[in-house]
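Structural overview for review
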Amino acid sequence: MTTNGLSLGHGTLKALRQSLLSHASDQAIAVLQETGFASGDGVFQAFGDWLRAQHGIAGPEELDAAQLNEALSGFFQSNGWGSLALSPLGGGALAVDSPDWVEAEPGTSQVPMCFFSAGLLADFLGRLAGETVAVMEVECRSRSDGRCRFLSASPETLERVYQAMTAGRTYEEALGAT
């Protein structure tokens, strides 16, 4: 994805993740999430530039709900990251789904692995919403799920979801979305 004149290639992200997991496994998740979060500002700026160039829209704040899915999916697809769709879930959460998200490496893990993306989406979606949000991946093609699904919600909501999931409940149950 190109931001501020620099590009982070998918091979670079894959190599970074593999190196961190091999050499600093106890810090890998935090480093990847923090690095993704730090990328959010540049990606948000690139999204604004893309909206102006591709659609003549002044900025993200000009998008209405009907345009948002198409614009976000078009932006991320055009930058090689894959398509995505947003949909509201119960409990104040938003689902961000992708059947082809680039960070996932299908069938390589028992747990969700798109840590960089979770951080990036937290900053990006927070800027879009104008408030702090947290993002947690709950389904991942890396563990052979059919899609990558990220939940975006307030940090308090996602903490409740996380606690419920560690107690054996599903994220849908935790959100009251079943």
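Residues numbered from 1 in each chain as written. Predicted model: local features only at pLDDT ≥ 70, side-chain atom pairs only at ≥ 80, totals over all residues. Heavy atoms only, no water.

Quick word on the environment of F76
Turning to its location among the elements, F76 is positioned in helix 3 (residues 65–78). Taking the C-alpha atoms as reference points, F76 and F47, separated by 29 residues in sequence, lie 8.7 Å from one another. (Helix = DSSP H or I, 4+ residues; strand = E, 2+ residues; numbered from the N terminus.)

So, the pattern of salt bridges
In this structure the tally under the stated criterion is 9 salt bridges. Salt-bridge contacts for R17 lead to E103; the nearest nitrogen and oxygen are separated by 3.8 Å. On the criterion of sequence distance, the pair formed by R17 in helix 1 (residues 10–23) and E103 in the loop between strand 4 (94–98) and helix 4 (115–129) is long-range, its members being 86 residues apart. Here R17 matches E103 in class, with each residue buried. Two residues, R127 and D123, come together in a salt bridge whose shortest N-O distance is 2.6 Å. Linking R127 with D123, this pair stays in helix 4, spanning 4 residues, or about one helical turn. Several salt bridges converge on common partners, so that one network encompasses D97, E139, R147 and R149. (Salt bridge = Lys/Arg side-chain N within 4 Å of Asp/Glu carboxyl O. Buried < 20%, exposed > 50% of the residue type's maximum accessible area, 1.4 Å probe, protein only.)

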